[in-house]
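An overview of the molecular structure
The residues making up each chain are set out below.
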Amino acid sequence: MSSTVKDSPQKSTGFRIPLPFWAQILIGLVVGVGLGAIARNGEVEWLTTTLTQIGDIFVQLLKLAVAPLVFFAILVSITNLRKVNNAARLASRTLLWFMITSLIAVTIGLVIGLLTNPGAGTGLSPKDGAKPEHTGSWLDFLTGIIPTDIITPFTELNVLQIVFMAAVAGIAILKIGEKAQPILTLSESVLELLQKALWWVIKLSPIGTVGLIGTAIATYGWDLISKYATFTADIYIGCALVLFGVYPLLLATVAKVNPLQFFKGAWPAIQLAFVSRSSVGTMPLTQKVTERLGVPKDYTSFAVPFGATTKMDGCAAIYPSIAAIFVAHIFDVQLGIKEYLLIVFVSVIGSAATAGLTGATVMLTLTLSTLGLPMEGVGLLLAIDPILDMMRTATNVAGQSVVPVIVAAREGILDKEAYNSATASPVDEPFEDQRAVPAAA
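Along each chain, numbering runs from 1 in the same order as the chain's sequence is written. Given that the model is predicted, a residue must reach a pLDDT of at least 70 before its local features are reported, and side-chain atom pairs must reach 80 or more before they are shown or counted; all residues, however, enter totals for whole chains, interfaces and linings. As a rule here, side-chain values cover all heavy atoms of the structure and leave hydrogens and water aside.

1. Observations concerning the UniProt feature "transmembrane region" (unreviewed entry) in the protein
UniProt positions are given in the numbering used here, feature names are shortened, and annotations may be inferred rather than shown by experiment. The UniProt feature table records "transmembrane region" (unreviewed entry) at residues 21-39, 59-82, 94-115, 159-176, 197-220, 235-255 and 340-357. The span residues 159-176 shows a helical share of 100% and a strand share of 0%, and its end C-alpha atoms are spaced 25 Å apart. In the segment residues 235-255, helix accounts for 100% and strand for 0%; the C-alpha atoms at its two ends are 27 Å apart. By the criteria applied, helices consist of DSSP H or I runs no shorter than four residues and strands consist of E runs no shorter than two, each listed in order from the N terminus.

Okay, structure coming up:
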């Protein structure tokens, strides 16, 4: 009976594109660049509008499920920890490695920024900047965690407050015990429903890629990138060093696994993150590929949602460190050792402020306010932000998968056979064949 259920997802009478997921995304990238170039160079307004609408609809579909997905994912992930031996140890080790990798990432960002001085030669001045509508501060960050009601965080998509409520609800369910089982069962069912619906959206990624990349090329072209050439290069190089340097080194030396195999298994999630620019939107796929890499399902269901809302090496470490140096140069403000240490502190401790959504404006304003730099500096970077956000988010998501692999390997609960046999595709139905690896004592 169980064999029949397990095999059933393989039988399908519907049409299926005989291309791996990564290839579909790659084709979408190429087509998007081509159409974007045609729209910009040929001044084809209707094509630009069409690409924009396609991209906006795709992102809106991803965001539609963000609030309930985060709430139920965090709630269920906390309750799932009761099934794992040494749950408190796993949670603390996960947080520790989140902080360690963030520390490494922000250090790399500072070194690159100091070596290249990204604010030089741009032709920008303070008058080119503008204050953002919403800024972040430590007071806002601390007081903003607790919502004033239970509805507003969902309507205004305040992910940090949603995480707080979900954590409280999850802990309460654990404390109540058996009497709360019906609520937990309902929550698990709702989460599975949301994941299934979001997976349908994820399968539209190749089409969404055409719209998002096409819009970026049609709107900004290469002129904007050339104006911010050093800054853009710094962000991409910094993220690449973390993504293809730091993570593989940690996997090889700390987890003692083959780094190339990690990228083979995690690549679909990294690709989707690059296109969608949303860690939370990519979360179901990130969880799937992490499980396929041999990390126990019960631990993955905690670590990945937790990471999707707090683990941001690209948006909360590389980006704000280089951006702070950029803004300081434009506004002729000298930064010293104290300011650099503050950047490190904000990146390691305050990354939850980014909350897994597209863009890192909140984290940047939090950093600038901590350093006493003008908020008008944010306006200097808004135009280039979508192009930067693709690489930042890809780095974020890779880190959200790397850390569970490292922790699982060090705790002896990583399925090495599953890790070594993980493939990049197909990633078809992530919730039909989830692997539940028994936790080691």
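2. Here we look at the side chain of Ser279
Relative to the helices and strands, Ser279 is located in helix 14 (residues 279-292). For Ser279, a relative accessible area of 1% corresponds to the buried category. The buried label goes to any residue with under 20% of its type's maximum accessible area, the exposed label to any with over 50%, and the partly exposed label to all in between, with areas taken from a 1.4 Å probe on protein chains only.

3. Notes on the nonpolar core
The term nonpolar core refers to a set of buried residues drawn from Ala, Val, Leu, Ile, Met, Phe, Trp, Tyr and Cys, joined through side-chain atoms within 4.5 Å. Phe231, Phe262, Leu381 and Val405 are the most contacted members of the largest nonpolar core, which has 117 residues in total. Of the residues forming this core, the biggest block, 13 residues, is contributed by helix 20 (residues 385-410). Contacts: residue pairs with any heavy atoms within 4.5 Å of one another. Sequence-distant contacts of Val405, that is, excluding residues within four places in its chain, are made with Leu251, Ala255, Val257, Phe262, Leu293, Val295, Leu414 and Tyr419.

4. Section: the packing of helix 5 (residues 87-116) against helix 20
Axis lines are fitted through C-alpha atoms, for helices just across the contact stretch, and the angle between N-to-C directions can take any value from 0 to 180 degrees. Relative orientation of the contacting elements helix 5 and helix 20 amounts to 130°, with a least axis distance of 10 Å. The orientation of helix 5 relative to helix 20 falls into the category oblique. Between helix 5 and helix 20 lies a crossing of right-handed hand. Between helix 5 and helix 20, the residues in contact are Leu90, Arg93, Thr94, Trp97, Phe98 and Thr101 and Val403, Ile406, Val407 and Arg410, respectively. Under the scheme applied here, ten amino acids are nonpolar (Ala, Val, Leu, Ile, Met, Phe, Trp, Tyr, Cys and Pro), four are charged (Asp, Glu, Lys and Arg), and all others, including Gly, are polar. Considered class by class, the residues forming the contact of helix 5 with helix 20 number 6 nonpolar, 2 polar and 2 charged. By definition in this entry, angles of less than 35 degrees are roughly parallel, angles greater than 145 are roughly antiparallel, angles of 65 to 115 are roughly perpendicular, and the rest are oblique. Throughout, a crossing is termed right-handed when the near helix is turned clockwise from the far one, and left-handed when it is turned anticlockwise from it by less than a right angle.

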